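Okay, here's what each chain looks like letter by letter:
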Amino acid sequence: MFVRVMSFVIAILSGGMALGSTAVAQSAAAPESGEAAVATISTNTEERALADLEGSGDAFVLSTSQPRTRIHFTLPPNVQTAEAWLRLAARPASDTTAGVIEVSVNGGEAILIRPQPRAMEARFSLFSADIRPGDNTLEIAYSTQTPAPGWIVDARRSQLRLTLEPVRPLETLGELEHALGSDFAAPRRIALITDPGRERITLEALTAQGIALRAGEVPLFTGEAEQADLVVRIAETARLSEEDRAALRRGDSQGPEVAFRHADVPHLIVTGRNLDEATAAARLMGARSFEGYGRNFIAADAISARRLGSEQVRDARQFSANADLRTFAASGLPFSADQGARTAVQFSTQYDADRYGALSVLARAALIGDQAWLYAWYGDSSETAPADHNLLIIGPNSTQIADVDRSAPEELRAALRAAERSRGQRGLMRLAAAAYADAGDQAAAAPGSNTRETGVGVASLFRDRQNNQRWIGTLTAPDVASFADAGRSLARSDLWQALEGRAAVWSSRGVTPLDFSVEAPTLTDRAREFAIDHTRDAAFILFGAALLMLLRGFARRRRVQA
């Protein structure tokens with residue numbers, strides 16, 4: 001008995017000291033019973049800032065007038081909480097602050113804190129038994145017997161840390177949907193497995209939007225099934241593996257179908273008897289919720305299934321008459337109107353990494369409007385987009401497409417020049433620039449390489465010069481930058497909300513908008529930009545001129561001495 005108690009204490013102390021990373025993968029062995037082998041249960045430890053959870057901003061006040069704050073968070077349906085810790089960072093509203101702070105989960109037993117009136121960062125354990133699968137509420141309350149001011153809680157530094165153990169695998173599409181939308185232990189690395197073909201972008205685009213709408217954020221899309229938390233196989237039935245075909249409702253496809261199976265990791269199968277039916281199944285992913293459904297979802301189920309996302313206001317196209325990047329970032333308009341019915345989306349991507357970056361950007365655009373672009377035309381730069389549709393081009397070097405090059409405003413070209421300068425690869429003499437470039441610049445130019453920087457990209461929105469009723473937008477990067485990194489950083493951060501103007505440059509350092517229609521650049525501004533743009537070229541030319549003058553002086557001196 002003593003050995004068991006000591007083992008339990010040591011296990012708790014070991015778990016409490018593991019604070020290094022946000023998400024830590026551990027493993028614990030279940031006790032052997034009968035002839036069964038020892039089962040390994042994968043545990044997951046995650047730490048989330050309170051500011052990232054529902055119901056909390058970057059800071060909140062605890063006072064007599066605002067005595068409590070409730071913060072909501074969700075867990076997958078197949079986990080139990082082994083440990084729960086809260087790091088509470090707060091400062092007193094005044095030197096006379098007094099009183100008690102109470103912390104509880106789901107109305108359970110409260111933990112009392114009697115802090116001194118000075119800045120604090122308290123870390124303490126919560127009652128893990130009070131935390132349950134599904135919806136949970138963390139309540140932080142303040143009480144005092146005097147009219148003294150309360151506390152200001154830093155929700156960005158305050159963090160909730162949970163260690164979760166899966167007690168069983170996910171079993172249905174409904175449970176997978178709940179897991180995707182969870183704040184902790186959600187599948188965040190999604191492998192999209194498709195075959196090369198004419199409908200590849202359409203299939204992946206619709207599926208990616210559906211996954212993002214369920215998750216409430218843009219996950220990390222990849223093509224590596226071995227490293228994924230969820231594998232999504234999108235293909236015709238004839239191209240599926242035997243395991244995937246066995247998961248279908250009748251062992252074989254009878255039309256558009258979305259199926260679920262659980263192997264080592266959850267697998268989602270989006271399929272049909274042909275490409276048209278597979279595309280219809282991908283539209284089901286973006287159109288209908290799987291809540292309450294089992295392992296299969298077919299077209300007939302869409303009649304009674306709940307709508308995924310929310311319906312956009314009617315005639316939304318009229319609200320985008322004077323759109324700019326701020327309009328697009330806030331609502332997806334003008335491209336999201338009527339679920340993309342009058343929008344063509346082109347990917348100017350050549351490499352897989354860039355395509356996944358483009359899917360991330362498209363998923364963020366759908367997430368902002370809270371609906372998938374079900375009726376948009378999708379294709380790559382080698383295809384001809386419908387001329388009567390608004391055009392959104394996502395991927396590197398989009399100015400090489402004729403529609404963009406013909407109508408691109410000066411702001412877009414200036415933004416691309418600024419993006420190139422920020423990578424250190426700009427100038428008339430590119431050999432000289434490359435000689436002075438650092439390793440990060442060389443890595444950025446290599447497809448699929450990992451750069452030390454997040455990446456730099458350019459966004460722009462403007463009208464077609466040949467058709468004033470047609471909008472053209474682009475989210476791109478110069479050829480010296482990594483669009484995969486730039487696209488993911490834009491889609492998965494607050495940079496998106498800062499887009500504005502007719503063009504903008506974004507990077508990990510922030511967003512720089514450009515809009516010459518508000519204030520046109522003066523001759524001095526243009527001269528300054530030209531000088532900055534060609535600093536290295538000017539230095540190279542001056543160095544060459546100085547060297548020539550020096551050699552000329554040597555030659556003249558030699559003639560005089562002779």
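Scroll up to find the structure.
Note that the coordinates shown come from a computational prediction; the quantities given were computed from them, not determined experimentally.

A. Quick peek at the overall build of the chain. Of the regular secondary structure elements, the chain holds 14 helices and 24 strands. The buried share of the chain, taken over its 562 residues, is 48%. Within the chain, contacts between residues separated by at least 24 positions form 72% of all contacts whose residues are at least 6 apart in sequence. For the chain, the exposed surface amounts to about 27,800 Å²; the carbon and sulfur share of it is 51%.

B. Quick look at the nonpolar core. Formed by 93 residues in total, the largest nonpolar core has its most connected members in F221, V232, F297, W373, Y378, I394 and L475. Residues contacting F221, with those up to four places away along its chain left out, are I190, L192, A208, Y356, L359, S360, A363 and R488. A84, I131, L138 and L162 belong to the second largest nonpolar core, which has 33 residues in total.

C. Quick peek at the pairing of strand β18 (residues 343-347). For β18, the buried fraction is high: five of the five residues fall into the buried class. Here β18 shows two buried faces, one formed by T343, V345 and F347 and the other by A344 and Q346. Two strands pair when backbone bridges link them, and β18 and strand β20 (residues 390-394) are joined in this way by five bridges, in the parallel orientation. Paired with F347 across the two strands is I394, which belongs to β20. In this structure, β18 lies alongside strand β19 (residues 377-380), joined through four bridges in parallel fashion. Of the residues in β19, the one forming a bridge with V345 is Y378.

D. Spotlight on the packing of aromatic side chains. Enumeration over the complete set of coordinates arrives at five aromatic pairs. Relative to F297, the ring of F290 has its centre 4.9 Å away and its plane inclined at 50°; by these criteria the two rings are tilted. Of the two residues, F290 and F297, neither departs from the other in class, the shared state being buried. Taken together, a centroid distance of 5.0 Å and an interplanar angle of 75° make the contact between Y293 and F297 edge-to-face. Judged by relative accessible area, which is 17%, Y293 ranks as buried. Each residue in the set F290, Y293 and F297 is aromatic and connected to the rest through ring pairs, giving one cluster. When the ring centre of F290 is taken as origin, the NZ or CZ atom of R214, which lies over that ring, is 4.2 Å away. The lysine or arginine in question, R355, covers the ring of Y356, its NZ or CZ lying 5.0 Å from the ring centre.

E. Up close: the sheet that holds strand β13 (residues 220-222). Strand order in the open sheet formed by six strands is β13-β12-β14-β16-β15-β17, and the pairing between neighbours is mixed. Strands at the two margins of the open sheet, each flanked by one partner only, are β13 and β17 (296-298). Along the sheet, successive strands turn relative to each other by an average axial angle of 20°, direction set aside. When strand β12 (residues 189-193) meets β13, the two strands line up parallel, connected through three bridges. The residue of β13 that forms the bridge with R189 is L220. The sheet strands contacting helix α5 (residues 275-287) are β14 (230-236), β15 (257-262), β16 (266-272) and β17, and the helix crosses β16 at an angle near 130°.

F. Quick peek at unusual backbone geometry. For the peptide bond that leads from L333 to P334, omega is 5°, which places it in the cis range. If you trace the backbone, P334 turns up in the loop between α6 (325-331) and β18. The residue A185 is not glycine, and still its phi comes out positive at about 60°. Locating A185 in the fold gives a position in the loop between α2 (173-180) and β12. Since its relative accessible area comes to 23%, A185 is described here as partly exposed.

G. Focus on the packing of helix α3 (residues 200-215) against helix α7 (residues 352-369). At a minimum axis distance of 9 Å, the contact between α3 and α7 shows a crossing angle of 50°. Regarding the angle of α3 to α7, the classification is oblique. Of the two possible hands of crossing, α3 and α7 adopt the one that is right-handed. Of the residues in α7, those touching α3 at R200, E204, A205, A208, Q209, A212 and L213 are R355, L359, L362, A363, A366 and L367. Here the contact of α3 with α7 is built from residues that sort into nine nonpolar, one polar and three charged.

H. Quick look at the environment of L230. The residue L230 is located in strand β14 in this model. Relative accessible area serves as the criterion here: at 0%, L230 is assigned to the buried category. Distance from L230 to L176, taken between C-alpha atoms, is 9.5 Å for residues 54 residues apart in sequence. Contact partners of L230, with chain neighbours within four places excluded, come to L176, L180, P187, R189, I190, A191, P266, H267 and L268.

I. A look at a nonpolar patch on the surface. Residues F543, L547, L548, L550, L551 and F554 make up a contiguous nonpolar surface patch of roughly 640 Å² in combined accessible area. Here L550 is to be found in helix α14 (residues 535-561). Here L550 falls in the partly exposed class, since its relative accessible area comes to 45%.

Here is what the cut-offs are and how they apply
- Residues numbered from 1 in each chain as written.
- Predicted model: local features only at pLDDT ≥ 70, side-chain atom pairs only at ≥ 80, totals over all residues.
- Heavy atoms only, no water.
- Helix = DSSP H or I, 4+ residues; strand = E, 2+ residues; numbered from the N terminus.
- Buried < 20%, exposed > 50% of the residue type's maximum accessible area, 1.4 Å probe, protein only.
- Contact = heavy atoms within 4.5 Å.
- Areas by Shrake-Rupley, 256 points an atom, 1.4 Å probe, with all protein chains shown as cover.
- Core = buried A, V, L, I, M, F, W, Y, C linked by side-chain atoms within 4.5 Å.
- Pairing = 2+ DSSP bridges.
- Phe/Tyr/Trp six-rings, centres within 6.5 Å; stacked < 30°, edge-to-face > 60°.
- Lys NZ or Arg CZ within 6 Å of the ring centre and 35° of its normal.
- Axes fitted to C-alpha atoms, helices over the stretch in contact; angles between N-to-C directions.
- Parallel < 35°, antiparallel > 145°, perpendicular 65-115°, else oblique.
- Left-handed = near helix turned anticlockwise from the far one by under 90°.
- Nonpolar A, V, L, I, M, F, W, Y, C, P; charged D, E, K, R; others polar.
- Patch = residues over 30% accessible without salt bridge, like charges linked within 9 Å, V, L, I, M, F, W, Y side chains within 5 Å.
- Salt bridge = Lys/Arg side-chain N within 4 Å of Asp/Glu carboxyl O.

No statement about biological role is implied by the geometric values presented.
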